[in-house]
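# Geometric and topological summary
Letter by letter, the chains look like this.
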There are 2 protein chains.
Amino acid sequence: MAVAADPLSRVFAALADPTRRDMVARLAAGDATVGDLARPYDLTVQAISKHLKVLADAGLVSRGRDAQRRPVHLEAEVFDLMTTWIERYRREAEDRYRRLDDILAAMPDGTEHSEQDHRHERQDPRDRDRH
Amino acid sequence: MAVAADPLSRVFAALADPTRRDMVARLAAGDATVGDLARPYDLTVQAISKHLKVLADAGLVSRGRDAQRRPVHLEAEVFDLMTTWIERYRREAEDRYRRLDDILAAMPDGTEHSEQDHRHERQDPRDRDRH
DNA sequence: ACCGTCTGCAACCAACTGGTTGACCACGGC
DNA sequence: GCCGTGGTCAACCAGTTGGTTGCAGACGGT
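This one's a predicted model, so the numbers in the text were calculated from it and none came from an experiment.

Calculation criteria
Residues numbered from 1 in each chain as written. Chains lettered and ligands numbered in written order. Predicted model: local features only at pLDDT ≥ 70, side-chain atom pairs only at ≥ 80, totals over all residues. Contact = placed C-beta atoms within 7 Å. Helix = DSSP H or I, 4+ residues; strand = E, 2+ residues; numbered from the N terminus. Nonpolar A, V, L, I, M, F, W, Y, C, P; charged D, E, K, R; others polar. pLDDT = per-residue confidence, 0-100. Near = placed C-beta within 6 Å. Least-squares fit on C-alpha atoms with pLDDT ≥ 70 in both.

Contacts between the two partners involve 37 residues from chain A, matched on the other side by 39 residues from chain B. When residues in the side of chain A that touches chain B are grouped by element, the largest group, 10 residues, is from helix α5 (residues 79–105) of chain A. Across the side of chain A that touches chain B, the residue classes tally to 17 nonpolar, nine polar and 11 charged.

Shown next, in the form of structure tokens:
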């Protein structure tokens, strides 16, 4: 069952759900049981248990044991996986920007035509003449 | 569609796919067209176009226009959304660890008990800090 | 020994994803 | 004008996801 997927994908996917993010947020304040976690939401405990499995598969949480309870604990180190990935490309893109600025700055004006002039254009409402 | 979903979820979900992450990585080095992006993969251009739509909906890329080409440009600022979220809870969890350590250290041994100080099968926290 | 609580597992279902093919639109170059 | 190139949109399909119900297991308290 979806055993594939590299670690990074699993972590990102795990955090792509608001419920799961909220659980992580609450776990950052302290460990909790499945029941505790389920209480605030309008969901069955089983649903929460599934979410928990996703988080555990991503390495974001670990499960303990305390009698019939299975306390959930946040493993914060996995965050590093994401931050290093993100920071790498963010920095790369920013550097590129800076270089581009330098080039433009060092240019006799009026010659900055070719570089992409991407404007945030949401799609223009052209006539949708579906037949 | 899937128009719903908060911004954070969209960004995380967008990066939960290795192909999409790879595209972002390549876009960090410079803008590209859909065709350029599609070339290295064993996928149809339409599939790449779909991926691109996901990235665009997440605000990670913007589209330009250059004749019949639609150059793709990486919008690196959106990364901040994620990093601030991540850093917040990482820090929170780390602080909690530190406080817990202090408490345990200041305790006459053998008195650990209730509240949340569950011991988990996994390794000791507080080993790594920076690198 | 029983009961209640906490949890996991399996089956099922609707909705979403990630891919395909096929048709179509918008250009620029002859 | 017509053609090739670059790209999007729509329909379809298989697999995954996020939820449900129902049942079974493990344990503590009485």
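This part is about the confidence of the model for chain A. Note that predicted coordinates carrying low pLDDT should not be read in detail. All names here are of chain A. With 75% of its residues at a pLDDT of 70 or more, chain A has an overall mean of 80. Element-level mean pLDDT values for chain A span from 84 in α5 up to 96 in helix α1 (residues 7–15). Scored below 50 in pLDDT, residues 110–131 shows 15 contacts in the model against residues more than four places distant or in partner chains.

Below, the discussion takes up the protein's contact with DNA strand C. With respect to spatial proximity, 23 residues lie near DNA strand C, and among them T33(A), V34(A), G35(A), T44(B) and A47(B) are the closest. Secondary structure elements with two or more residues in the surface near DNA strand C: α3 (34–38) and α4 (45–57) of chain A together with α4 (45–57) of chain B. For the surface near DNA strand C, the element with the highest residue contribution is α4(B), accounting for five residues. Here the residues of the surface near DNA strand C sort into seven nonpolar, 10 polar and six charged.

The next thing to look at is the relation of the copies chain A and chain B. Rotating chain A by 180° and moving it 0.0 Å along the rotation axis overlays it on chain B with an RMSD of 0.1 Å. On the angle and the small slide along the axis, the relation comes out as a two-fold axis. Mapped onto chain B, 92% of the interface residues of chain A again fall at the interface, so both copies present the same surface.

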